[in-house]
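A look at the structure
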Amino acid sequence: MDQKDKAERLKRAPVPAPNASPEQAHRLPPGQTLTERFPILHEGEVPDYGDGSTWSLRVFGLVDGERFFTLEDLKNMPRTTVVCDIHCVTRWSKFDTEWEGVRFRDLLAAADIRVSPEARHVMIHADQDYETNVPLEDLMRDDVLLAWGYGGKPLTPKHGWPLRLIVPHLYFWKSAKWVRGIELMKEDRPGYWERRGFHHYADPFREQRFSDDSYYMPEDEWMHNEYD
């Protein structure tokens, strides 16, 4: 299926039942349904990084110099555990997910990466040829993590081992799996899904799923995927 056709098909769906208690309702964005499952969605094949020793992260663009980091480098930086709700554009939400990693801002500080004052945007590069754009200001929040662990265990390959981004306040496609590069930029540019009709910012509480109203999202899209 053409990916633009997927975006168009996803937009025209009825809104699902929220499936959240009255006490939880304020945590559930409009058009979402609560699940205990953890659906697995991605484009392309799942990369195999083994124990992570051959993996590296590149930081480049509007910084004082290109830098590379191993997984061990990141694990030697200040560790943080974040418990957060996550919301997928395919209409599922999962509450109280627990992630371990290093905050984005702590990576910059621990590695003494000097970001140009002109930098306002970031492109996250990932396998397989995936990328997504996020404002730099958003990545500096307390709960934004470069995570290698989930639920007290290392990430599984299907959930992004050895490193994935966690940006809880945006739809989950912004939380890219298998992160390989962080590019600091002056001007914004669209990533993989953003070029295919998905919203550039992606606030779930404003239901910013798509770039215009011609797209749709089936309420049961996520239920047809593999899940944990």
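These numbers were taken from a predicted model, which means no experiment stands behind them.

1. Considering the packing of aromatic side chains
Following the criterion strictly, the structure yields 13 aromatic pairs and no others. Grouped by ring-pair contacts, the aromatic residues Tyr-130, Tyr-171, Trp-173, Tyr-192, Trp-193, Phe-198 and Phe-210 constitute a single cluster. Over the face of the ring belonging to Phe-95 we find Arg-27, whose NZ or CZ atom lies 4.3 Å from the ring centre. The aromatic ring of Phe-60 is capped on one face by Arg-58, whose charged end is 3.6 Å from the ring centroid.

2. Things to note about the side chain of Thr-80
Following the sequence through the fold, Thr-80 ends up in strand β4 (residues 80-87). For Thr-80, a relative accessible area of 10% corresponds to the buried category. Setting aside anything within four residues of it in sequence, one finds Thr-80 in contact with Trp-99, Glu-100, Gly-101, Arg-103, Asp-106 and Leu-145.

3. Remarks on the pairing of strand β8 (residues 145-150)
The buried count for β8 comes to 5 of 6 residues, which makes it a mostly enclosed element. The sheet contact formed by β8 and strand β10 (residues 164-166) spans 3 bridges and is antiparallel. Bridge pairing links Leu-145 to Ile-166 in β10. Here 2 bridges tie β8 to strand β9 (residues 153-154), and the two strands are oriented antiparallel to one another. Opposite Gly-149, over in β9, you have Pro-154 as the bridge partner.

4. Some words on the pattern of salt bridges
For side chains of opposite charge, pairing can occur when their charged atoms come near one another. The final tally for this structure, using the stated rule, is 14 salt bridges. A salt bridge links Asp-85 to Arg-27; the nearest nitrogen and oxygen atoms lie 2.7 Å apart. Pair noted here: Asp-85 is in strand β4 and Arg-27 is in the loop between α1 (3-11) and β1 (33-34), with a separation of 58 residues, a long-range link. For Asp-85, a relative accessible area of 15% corresponds to the buried category. When the shortest N-O distance is used, the salt bridge between Lys-174 and Glu-194 registers 2.7 Å. Linking Lys-174 in the loop between β10 and β11 (179-185) with Glu-194 in the segment after β11, this pair joins segments that are 20 residues apart in sequence. The exposure class assigned to Glu-194 is buried, which follows from its relative accessible area of 5%.

5. A short note on the sheet that holds strand β6 (residues 121-126)
One open sheet holds the 5 strands; their spatial order is β3-β2-β11-β6-β7, and the pairing between them is mixed. Of all strands in the sheet, those with a lone pairing partner are β3 (67-69) and β7 (130-135), marking the two edges. Adjacent strand axes in the sheet meet at a mean angle of 20°, parallel and antiparallel pairs treated alike. Pairing of β6 with β11 involves 6 bridges; the strand directions are antiparallel. Residue Val-122 lies in a different strand from β11, and its bridge partner there is Leu-184.

Cut-offs and rules
- Residues numbered from 1 in each chain as written.
- Predicted model: local features only at pLDDT ≥ 70, side-chain atom pairs only at ≥ 80, totals over all residues.
- Heavy atoms only, no water.
- Phe/Tyr/Trp six-rings, centres within 6.5 Å; stacked < 30°, edge-to-face > 60°.
- Lys NZ or Arg CZ within 6 Å of the ring centre and 35° of its normal.
- Helix = DSSP H or I, 4+ residues; strand = E, 2+ residues; numbered from the N terminus.
- Buried < 20%, exposed > 50% of the residue type's maximum accessible area, 1.4 Å probe, protein only.
- Contact = heavy atoms within 4.5 Å.
- Pairing = 2+ DSSP bridges.
- Salt bridge = Lys/Arg side-chain N within 4 Å of Asp/Glu carboxyl O.
- Axes fitted to C-alpha atoms, helices over the stretch in contact; angles between N-to-C directions.

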